[in-house]
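The lines below spell out each chain.
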Amino acid sequence: MRERIRLFFILSITFFLALSAISVEAKQSKSNKPSKAELAGISRADTKTNKDGLLRVASSNALIVNQNTGEVLFAKDTNTLTSIASVTKLMTAMVTLDANLPMDEEIAITNEDVDTLKNSSSKLPVGTVLPRSELLKIALIASDNRAASALGRNYPTGKAGFVNAMNIKALQLDMTRSEFADPTGLNNYNMSTAEDLVKMVKAAYQYPEIREITTTASYEAYVKGHHAPVNFNNTNGLIRKSDWIIGLSKTGFIQEAGKCLVMQAMISGQPMIIVLLKSYGSATRSADANRIRKWIEKTSSISYLNQSKQDS
């Protein structure tokens, strides 16, 4: 009888300790999960330029380069390979323009252009017919995936040839750590780094068409099933801000890439290239861009004052 009681006691203690361990492990696992604020990338440490004058951004990868001098003003994890989502469409635009295809050629949106990978929506119904020039505008302004797919599909050697041309272009631009898998950016194997994307932005800036299109706030086009023109807004809300002077812009988002933004903008009289990758808040990339601008303006004014003191 005593042996049974002792055995029951030992088993009870063992069960209790095991249950406690599981409970502690569960709590630790729960505590290790990022909070909503962390997922959004908006912790105080990463979203404020503190009194020490240092810039902190919430985007996981960031790079700021003076376009004229090549000077790096800020860098954060710039050589990490990551998905780039619809930032890919800048390469799509360059390859399309390099091909010197007739921009007035009419192209139909087909079932092949419908996104079955991420099931993204589009304002371009199957059967819509638009000239190549309008598809390019809609792909860059509204980041429309069907428009980008149709551009690649109607390349002389088809979509496979188009993707091959994208990768050749990347090598020509010395984007040695980049790879392109499709013209839309929906495929998460469209990969690059912040350093390589600075090279891509510099190259894309040399195309007047890309500069003009990507800085257009909105565009209207007639699509199948609509009597009135359909409006396509620019996915970068900063384009509509009068206090920004933006020369080129492209956003991107898929789950694997987070929210991305690349821009060329004039700040304190200097052309700056800004690359922001893997942001997770709804407005984090725009907030980072605004912080960057304020930081550069503040830094520039301090440098000017110091230089004036030395000159005097």
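Above this text sits the structure in question.
Given the structure is predicted, the values throughout are model-derived calculations rather than measurements.

*Asks:* Help me understand the side chain of Ser 249 in this model?
*Replies:* Note that Ser 249 resides in strand β9 (residues 246–254). The class of Ser 249 is buried, set by a relative accessible area of 2%. For Ser 249, the side chain forms a polar contact with the side chain of Asn 236, separated by 2.8 Å. Setting aside its immediate chain neighbours within four residues, Ser 249 contacts Thr 214, Asn 236, Ile 239, Leu 261, Val 262 and Met 263.

*Asks:* Can you walk me through the packing of aromatic side chains in this structure?
*Replies:* How two aromatic rings sit relative to each other is set out by the distance from centre to centre and by the angle between their planes. The final tally for this structure, using the stated rule, is 2 aromatic pairs. With a centroid separation of 6.4 Å and an interplanar angle of 70°, the aromatic rings of Phe 74 and Trp 295 are classed as edge-to-face. You can see Phe 74 sitting in strand β2 (residues 72–76) and its partner Trp 295 sitting in helix α10 (residues 284–311), a full 221 residues away along the chain. Grouping residues by exposure puts Phe 74 and Trp 295 together as buried. Aromatic side chains Tyr 155 and Phe 162 sit 5.2 Å apart centroid to centroid with 85° between the ring planes, which places their arrangement in the edge-to-face category. Take Tyr 155 and Phe 162: they sit in the same class, and that class is buried. Just above the ring of Phe 232 sits the side chain of Lys 123; from NZ or CZ to the centre is 5.7 Å.

*Asks:* So what exactly am I meant to see when it comes to the sheet that holds strand β11 (residues 270–279) here?
*Replies:* The pairing of strands in a sheet comes from backbone hydrogen bonds and takes either a parallel or an antiparallel form. Ordered by their spatial adjacency, 5 strands build an open sheet running β2-β1-β11-β10-β9, and the pairing between neighbours is antiparallel. On the outer flanks of this sheet lie β2 and β9, each paired with one strand and no other. Between one strand axis and the next, the sheet turns through 10° on average, direction left out of account. Pairing geometry for strand β10 (residues 258–267) and β11, over 8 bridges, is antiparallel. Note that in β11 the partner of Gln 264 across the bridge is Ile 273. Sitting on the sheet, helix α8 (residues 194–204) is in contact with β1 (61–66), β9, β10 and β11, with an inclination near 135° to β11.

Reading the values: rules and limits
- Residues numbered from 1 in each chain as written.
- Predicted model: local features only at pLDDT ≥ 70, side-chain atom pairs only at ≥ 80, totals over all residues.
- Heavy atoms only, no water.
- Helix = DSSP H or I, 4+ residues; strand = E, 2+ residues; numbered from the N terminus.
- Buried < 20%, exposed > 50% of the residue type's maximum accessible area, 1.4 Å probe, protein only.
- Polar contact = N/O pair within 3.5 Å; in protein donor to acceptor, adjacent residues only side chain to side chain.
- Contact = heavy atoms within 4.5 Å.
- Phe/Tyr/Trp six-rings, centres within 6.5 Å; stacked < 30°, edge-to-face > 60°.
- Lys NZ or Arg CZ within 6 Å of the ring centre and 35° of its normal.
- Pairing = 2+ DSSP bridges.
- Axes fitted to C-alpha atoms, helices over the stretch in contact; angles between N-to-C directions.

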